[in-house]
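Breakdown of the fold
Below, each chain spelled out in residue letters.
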Amino acid sequence: MGVRGLQGFVASTCPHVCTVVNLKDLAAQHRSRHPGCAPTVVVDAMCCLRYWYTPESWVCGGQWREYFAALRDFVKSFTAVGIRLVFFFDGTVEQGKRGEWVRRRLKNSKEISRIFHHIRSHRQQPGRNMFFIPSGLALFTRFALKALGQETFCSLREADYEVASYGLQHNCLGILGEDTDYLIYDTCPYFSISELCLESLDTVLLCREKLCESLGLRRADLPLLACLLGNDTVPEGVFESFRYKCLSSYTSVKENFDKKGNVILAVSDHIAKVLHLHQGEKKLEDILPLGPNKALFYKGVASYLLPGQKSPWFFQKPKDIITLNKQVITVSSDPEPKQDVPVCTDPESQQNVSMCTDPESRQEVPMCTDPESKQVVTMCTDSESKQEVPMCTDPESKQQVPMCTDPEWKQQVPMCTDPEWKQEVPVCTNPESKQEVPLYADPVSKQEVSMCTYPEIQEKLPVATDSEFKLEASVCTHPEIEQEDAMNMGPEIKQQGTMVSDTEILKVARTHHVQAESYLVYSIMSSGEIECSNTLEDELDQALPSQAFIYRPVRQRVYSLLLGGYADGVSTCPAVKEWFVYPGNPLKHPDLVRPLPMTVPGGTPSLKMLWLSQEPEVQVRRLDTLLACFNLSSSREELQALESPLAALCCLLIYLFVQVDTLCLEDLHAFIAQALCLQGKSTAQLVNLQPDYVNSRAVQLGSLLVRGLTTLVLVNSACGCPWRTGEFMPWNVFDGKLFHQKYLQCEKGYSVEALLEQNRSRLARFHSLKAVVCKACLRENRRIVARAHWGTHHTGNRQYEHEQWRRY
């Protein structure tokens with residue numbers, strides 16, 4: 001993650017950039033400078049997962065009780081010294097970074113193959129050097145932190161941007177993470193999670209000012225350096241030849257530095273001694289070999305600009321082409337001598353827009369004719385931002401005021417209170433210039449964002465344009481991170497580029513997403529695109545299908561519920577794009593998965609009923625809908641009679657055993673026995689538990705169950721939460737080592753009494769749970785038999801043959 005080679009460079013070449021600090025002391029200093037303001041550390045949670053997962057065992061499906069205890073200790077260490085924590089999780093994969101996401105997933109797949117090879121060869125877990133985080137860790141960490149009373153958010157774009165924005169806007173003590181992008185953002189201090197000592201709260205501060213001093217750069221140069229070195233937006237290979245040329249002409253090569261270190265020094269030297277000479281006078285494409293990567297490079301630099309920030313590297317006055325609200329302004333010849341008059345054509349009105357020269361500023365000012373009012377609208381250039389801003393004349397004050405374009409009306413709207421419209425359009429204050437800057441509402445996210453149009457970027461880059469769904473995302477808009485602003489989207493604003501048209505229900509889904517209360521629901525409804533990372537699955541075990549296929553029918557019914565996918569038995573909405581990792585999937589393009597019809601007793605309720613109704617009887621409808629997603633409506637009475645948290649687990653087990661006919665009676669015994677025994681064990685007992693050896697099939701079954709629990713989170717949130725979230729959190733129903741122990745005991749032929757550790761009170765519950773699962777399976781003509789009675793007909797799935805699992 002982050003800037004290629006920068007982490008190693010800082011550690012080896014510029015160690016003075018890293019300073020040991022004590023967060024407790026820094027918090028005390030912060031309080032003295034800001035009385036009444038709690039020192040806040042904003043945490044990039046995705047960077048911290050490996051640090052937080054301290055249990056020794058990780059291949060068996062996860063030691064969730066131990067993990068929850070570790071999170072509780074982490075939170076206590078900070079709250080004990082008065083430090084407030086705010087956690088951010090990745091909520092989406094931006095289209096521009098999909099390639100990097102795929103590259104990492106394919107790399108992970110190779111690592112997983114090596115893990116299973118080691119398990120089959122040695123019958124034990126590999127060393128920590130091959131550590132792979134348990135499936136679902138990020139998702140369940142969200143709910144664990146919320147259960148611990150922590151402020152937890154899910155991002156609407158790349159999480160590092162929202163973390164950096166939050167840290168800057170809320171005057172935070174610092175950012176806690178492990179991503180060199182935080183050295184590039186101009187935001188609050190950046191602390192290393194990997195260097196954190198929880199007992200003393202000592203860690204390492206990575207100082208961007210000292211980094212700039214070492215490289216001879218300014219802070220505004222760091223985004224340029226990051227893109228030239230390579231990051232998640234600009235692939236490392238794009239400017240490889242340019243870096244080589246810089247290194248060849250670099251006269252201060254350090255013999256004791258490695259090649260990457262010298263490359264970073266050489267590129268920095270080129271920026272400082274060559275590019276600085278032309279800054280503000282020439283475009284970047286005139287001083288750098290951007291070639292066909294021009295738009296990508298500008299996008300990469302702009303991705304580091306936080307709300308209110310601008311880059312001196314963006315040339316603000318191009319003479320040939322200006323993009324203005326979908327209008328392309330070009331220069332044409334005017335009959336007057338020695339004067340070019342730019343003219344543009346409005347794509348909707350087909351009217352020309354000319355430009356005149358402002359007599360005071362000596363600058364060209366675009367002018368156009370409003371097709372409605374027949375008035376001339378002038379354009380001025382903001383003196384601070386160098387950006388062109390539409391102007392109109394206020395009918396009362398007779399003064400010119402800035403204008404913005406309303407995405408629904410398709411016309412420019414004055415940014416003031418117009419006495420005729422009786423409507424106020426908001427403005428914001430640029431923190432640098434102290435001037436008011438107009439805002440506009442992004443039609444998809446409904447966030448107010450500052451007008452930050454860089455002609456170099458928008459000239460050729462309609463980024464994230466989806467050929468099927470006609471989605472467009474702006475390159476250079478900076479969504480505000482404050483939740484009260486982010487939630488401000490009115491129903492009168494037309495939805496664009498979303499899978500649903502109901503703005504009220506989409507707003508609810510978005511709120512739940514941002515507040516980390518749902519899983520995948522908003523992504524399905526807004527973009528129709530979701531992803532699922534790697535799972536510990538053995539590609540050589542053909543008997544167990546991938547979790548991506550096993551749970552796909554459930555997801556398809558959820559799509560039908562969320563998107564209204566079926567009418568009179570006919571699909572009425574586009575397919576959902578699934579980027580799911582499974583053996584054999586090269587991830588060159590997503591699977592296109594269409595909704596499946598679902599049958600809910602009494603008819604499928606609306607999302608408004610499921611999500612917004614407060615009527616007590618609606619809770620029954622919510623549960624009916626959840627069970628229908630698993631096609632288990634006929635088992636409602638039996639499941640409802642079970643105690644919490646076993647009802648959710650039984651629902652999942654019934655679905656699994658119906659879907660996969662290579663699951664046997666011993667597997668069912670192991671799943672149920674571990675759930676019952678887990679309730680009577682302390683965290684310390686689970687820590688000391690040691691299975692005799694590691695079985696590759698049991699490893700995959702553990703991951704399969706945990707992925708089922710994440711699917712339950714999706715279904716439960718889509719149905720309005722008929723079950724309390726705690727009922728299917730893994731620390732309440734599953735422990736990897738305990739399941740592994742029970743699995744191995746079943747393999748050895750242990751009796752049920754031995755599986756239950758001779759605890760008579762568990763015996764009746766065991767047989768009750770087993771009866772519910774077996775009875776429900778029999779309704780689907782699925783008889784669960786012992787492994788000894790298996791025949792050759794056990795293929796891995798009863799309803800969906802392999803040909804139907806193929807990528808759509």
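Because the structure is predicted, anything quoted here is derived from the model rather than measured.

Parameters at a glance
- Each chain has its residues counted from 1, running along the sequence as written.
- For a predicted model such as this one, the threshold for reporting local features is a pLDDT of at least 70, and the threshold for listing and counting side-chain atom pairs is 80 or more; totals across whole chains, interfaces and linings nevertheless cover every residue.
- With hydrogens and water stripped out, all remaining heavy atoms of the structure feed into the side-chain values.
- Put simply, DSSP marks the helices as runs of H or I at least four residues long and the strands as runs of E at least two long, and each gets a number from the N terminus on.
- Note on exposure labels: buried denotes an accessible area under 20% of the residue type's maximum, exposed denotes more than 50%, and partly exposed covers the range between, all computed with a 1.4 Å probe on protein chains only.
- In plain words, nonpolar cores are sets of buried Ala, Val, Leu, Ile, Met, Phe, Trp, Tyr and Cys residues tied together by side-chain atoms within 4.5 Å.
- Any two residues whose heavy atoms approach within 4.5 Å at even a single point are treated as in contact.
- Here, any two strands with at least 2 DSSP bridges between them count as paired.
- Inter-axis angles, ranging from 0 to 180 degrees, are taken between N-to-C directions of lines fitted to C-alpha atoms, where helices are fitted over the stretch in contact.
- Each aromatic pair joins two rings of Phe, Tyr and Trp (for Trp, the six-membered one) with centres within 6.5 Å, and gets the label stacked for planes under 30 degrees apart, edge-to-face for over 60, and tilted for any other angle.
- In what follows, roughly perpendicular refers to angles from 65 to 115 degrees, roughly parallel to angles under 35, roughly antiparallel to angles over 145, and oblique to any angle outside these ranges.
- We define a salt bridge as a contact between a side-chain nitrogen of Lys or Arg and a carboxyl oxygen of Asp or Glu at a distance within 4 Å.
- Confidence of the predictor at the level of single residues is given by pLDDT, which spans 0 to 100.
- Each helix should span, by expectation, one fewer than its residue count multiplied by 1.5 Å.
- Residues adjacent in sequence count toward polar contacts only when both atoms are side-chain atoms; beyond that, a polar contact is any pair of N or O atoms within 3.5 Å, and within protein one must be able to donate a hydrogen and the other to accept it.

**Details of the environment of Lys245**
Locating Lys245 in the fold gives a position in helix 11 (residues 240-249). You can call Lys245 exposed: its relative accessible area is 59%.

**Considering unusual backbone geometry**
Cis peptide bonds are those with omega within 30 degrees of zero, and the linkage from Ser644 to Pro645 qualifies with 5°. Summarising the element assignment, Pro645 is placed in the loop between helix 23 (636-640) and helix 24 (646-659). Positive phi outside glycine occurs at Asn171, with the angle close to 50°. Structurally, Asn171 is set in the loop between helix 7 (159-169) and strand 5 (174-177). The exposure class of Asn171 is partly exposed, given its relative accessible area of 39%.

**Points about the nonpolar core**
Nonpolar side chains tend to gather and get buried jointly when the protein is soluble and globular. Grouped together as the largest cluster of nonpolar side chains are 150 residues, with contacts concentrated most on Trp52, Phe74, Phe78, Met525, Leu562, Trp611 and Phe630. If you tally residues by element for this core, the top one is helix 24, at 13 residues. Residue contacts for Phe78: discarding those within four places in its chain leaves Leu23, Ile83, Leu85, Leu176, Leu196, Leu198 and Leu201. Counting residues in each nonpolar core, the second largest holds 62 residues, with Ile175, Phe239, Cys246 and Leu290 among its members.

**Observations regarding the pairing of strand 3 (residues 84-89)**
Counting buried positions along strand 3 yields 5 of 6 residues, so the element is predominantly enclosed. As paired strands, strand 3 and strand 4 (residues 151-154) are joined by 4 bridges and run parallel to one another. Of the residues in strand 4, the one forming a bridge with Phe88 is Phe153.

**So, the sheet that holds strand 24 (residues 591-593)**
As summarised here, the arrangement of the 3 strands in space is 20-23-24, forming an open sheet in which the pairing is mixed. Where the open sheet ends on each side, the last strands, each with one partner, are strand 20 (529-532) and strand 24. Here the average twist between neighbouring strands, direction ignored, is 30°. Relative to strand 23 (residues 576-580), strand 20 runs parallel, the two sharing 4 bridges. Considered in strand 23, the bridge of Cys532 is made with Phe580. Sheet strands touched by helix 20 (residues 552-563): strand 20, strand 23 and strand 24. Its angle to strand 23, the strand with the most contacts, is close to 145°.

**Thoughts on the packing of aromatic side chains**
In this structure the tally under the stated criterion is 24 aromatic pairs. Each ring, one from Phe74 and one from Phe78, has its centre 5.0 Å from the other, and the planes form 50°; the classification is tilted. Pair noted here: Phe74 and Phe78 are both in helix 4 (residues 64-79), with a separation of 4 residues, about one helical turn. In this pair, the class of Phe74 matches that of Phe78, namely buried. Measuring from ring centre to ring centre gives 6.0 Å for Tyr551 and Tyr655, while their planes differ by 20°; the resulting arrangement is stacked. Pair noted here: Tyr551 is in the loop between helix 19 (547-550) and helix 20 and Tyr655 is in helix 24, with a separation of 104 residues, a long-range link.

**Focus on the sheet that holds strand 6 (residues 190-192)**
Pairing is mixed across the open sheet formed by 7 strands, whose spatial order is 1-7-6-5-2-3-4. Of all strands in the sheet, those with a lone pairing partner are strand 1 (18-22) and strand 4, marking the two edges. The sheet shows a mean angle of 30° between the axes of neighbouring strands, direction not considered. As defined by bridge partners, strand 5 adjoins strand 6 across 3 bridges and the pair is classed as parallel. Bridging from a neighbouring strand, Gly177 pairs with Ser192 of strand 6. Against the sheet, helix 6 (residues 137-147) touches strand 3 and strand 4, its axis set at about 155° to strand 3.

**Thoughts on the packing of helix 3 (residues 45-52) against helix 6**
One can describe the packing of helix 3 onto helix 6 by two numbers: an axis separation of 10 Å at closest approach and a directional angle of 95°. Overall, the two elements helix 3 and helix 6 adopt an arrangement that is roughly perpendicular. For the pair helix 3 and helix 6, the contacting residues are Met46, Leu49 and Trp52 in the first and Leu137, Ala138 and Thr141 in the second.

**What about the side chain of Asp538?**
Within the element layout of this structure, Asp538 appears in the loop between strand 20 and helix 19. Once residues within four sequence positions are removed from consideration, Asp538 is found in contact with Phe116, Arg120, Ser696 and Gln700.

**Re the pattern of salt bridges**
Scanning the entire structure with this criterion turns up 30 salt bridges. Linking Asp269 and Lys273 is a salt bridge whose minimum nitrogen-to-oxygen distance equals 3.1 Å. You can see Asp269 and its partner Lys273 sitting in helix 12 (residues 259-273), 4 residues apart, about one turn around the helix. Residue Lys273 is classed as exposed on the basis of its relative accessible area of 54%.

**Observations regarding the confidence of the model for the chain**
Per-residue pLDDT for the chain averages 80, and the proportion of residues at 70 or more is 73%. Contacts from residues 317-496, a stretch scored under 50 in pLDDT, to residues over four places away or in other chains number 375 contacts. Long-range and interchain partners of residues 796-808, a stretch whose pLDDT sits below 50, account for 36 contacts in this model, where long-range means more than four residues apart.

**Notes on the environment of Ala70**
With respect to the helices and strands, Ala70 occurs in helix 4. Classification of Ala70 as buried rests on a relative accessible area of 16%. For the pair Ala70 and Pro55, spaced 15 residues apart in sequence, the C-alpha separation works out to 8.6 Å. Apart from the residues lying within four places of it in its own chain, the contact partners of Ala70 are Trp52 and Thr54.

**Quick look at helix 17 (residues 503-514)**
If you check helix 17, its first and last C-alpha atoms are 16 Å apart, about what 12 residues at 1.5 Å a residue would give, namely 16 Å. Burial analysis of helix 17 places 9 of its 12 residues in the buried class, the great majority of the element. Where helix 17 begins, one side-chain oxygen reaches toward the backbone nitrogen of Glu504, 3.0 Å away; that side chain belongs to Asp502. Backbone geometry just downstream of helix 17 places Ala516 in the positive-phi region, at approximately 55°.

**Brief notes about the side chain of Arg552**
Tracing the sequence through the fold places Arg552 in helix 20. Taking relative accessible area as the criterion, Arg552 reaches 3% and is therefore assigned buried. Within the structure, the side chain of Arg552 is placed 3.5 Å from the side chain of Glu578, a separation counted as a polar contact.

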